[in-house]
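# Close look at the chain arrangement
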Amino acid sequence: MYVIAGLGNPTKEYENTRHNIGYMAIDALAQRYGIDVSARKHKSLVGKGMINGTKVLLVKPLTYMNLSGEAIRAVIDYYKVDEESRLIVIYDDISLDVGQLRVRKKGSAGGHNGIKSIIAQLGHDTFMRIKIGVGEKPKGYDLADYVLGHFGSEELSVIRESLERADGAVNLLLEGEVDKAMNEYNSKKAAANIALEMR
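Residues numbered from 1 in each chain as written. Predicted model: local features only at pLDDT ≥ 70, side-chain atom pairs only at ≥ 80, totals over all residues. Heavy atoms only, no water.

Its 13 residues place the ends of helix α1 (residues 21–33) 18 Å apart at the C-alpha level, agreeing with the 18 Å of an ideal helix rising 1.5 Å per residue. Looking at the buried positions of α1, the neighbouring elements they touch are β1 (2–6), β3 (44–51), β4 (54–61), β5 (87–93), β7 (128–133) and α6 (153–174). A positive phi of about 60° marks G34, the residue just after α1. (Helix = DSSP H or I, 4+ residues; strand = E, 2+ residues; numbered from the N terminus. Expected span 1.5 Å × (residues − 1). Contact = heavy atoms within 4.5 Å.)

Using the criterion set out here, one finds three aromatic pairs in the structure. For the ring pair Y78 and Y79, a centre distance of 4.8 Å and an interplane angle of 80° mean the geometry is edge-to-face. Given the relative accessible area of 55%, Y78 is considered exposed. Seen from their ring centres, Y141 and Y146 are 6.2 Å apart, and the 85° between their planes marks the pair as edge-to-face. The ring of Y23 has K60 lying over it, and the distance from NZ or CZ to the ring centre is 5.0 Å. Lying across the ring of F127, R129 places its NZ or CZ 4.1 Å from the centre. (Phe/Tyr/Trp six-rings, centres within 6.5 Å; stacked < 30°, edge-to-face > 60°. Buried < 20%, exposed > 50% of the residue type's maximum accessible area, 1.4 Å probe, protein only. Lys NZ or Arg CZ within 6 Å of the ring centre and 35° of its normal.)

Here we come to the packing of α1 against α6. Pairs of packed helices are described in terms of their axes, by the angle between the two and the distance that separates them. Close contact between α1 and α6 brings their axes to 10 Å; oriented N to C, the two are set at 65°. Classified by the angle their axes make, α1 and α6 are roughly perpendicular. Crossing of α1 against α6: the hand is right-handed. Of the residues in α6, those touching α1 at I21, M24, A25, A28, L29, R32 and Y33 are L156, I159, L163, E164, D167, V170 and N171. A breakdown of the residues in the contact of α1 with α6 according to their chemical character gives ten nonpolar, one polar and three charged. (Axes fitted to C-alpha atoms, helices over the stretch in contact; angles between N-to-C directions. Parallel < 35°, antiparallel > 145°, perpendicular 65-115°, else oblique. Left-handed = near helix turned anticlockwise from the far one by under 90°. Nonpolar A, V, L, I, M, F, W, Y, C, P; charged D, E, K, R; others polar.)

Note that all results are geometric; they support no functional claim without further evidence.
Structure (structure tokens):
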């Protein structure tokens, strides 16, 4: 079984904010594959199901972003999942253009508090991740205000398309095709196509 966790903050006021793109990705997967993510367990909302023949557990941590690692640790321990090969974390990245994807096998937190918490709880940084770009913070903006802000209507249409592409990346990761996913979704060409759509 694979654990697919999307990072975000619970409660209504954070819905559809930039920082909650991980939650949005889990919701999109749940809808597409008919998985009910409403059971409250392991400090998370979780749902078991199948994605194209592979058993998955979809996870939305309820610990708030900065303590995401506590929920991930609880899930990993309970299901005895090997996090290096069976954990996929989806989250926002302000260093990527809106909707741009970046697939990674491992790496530092890059200033992301949710990932920082997961690395601290796991004791290493080797786990698969899909970053979804939410755009760079405009000059003069407070970072917290920016990531907790909502997408504009133009951005939302690009985000919807990027969630479909994230589904494609997830499917490749579930097939063990990490390098193929990185080649396909980290390319400059993919980013350029999104930039065109934004015009």
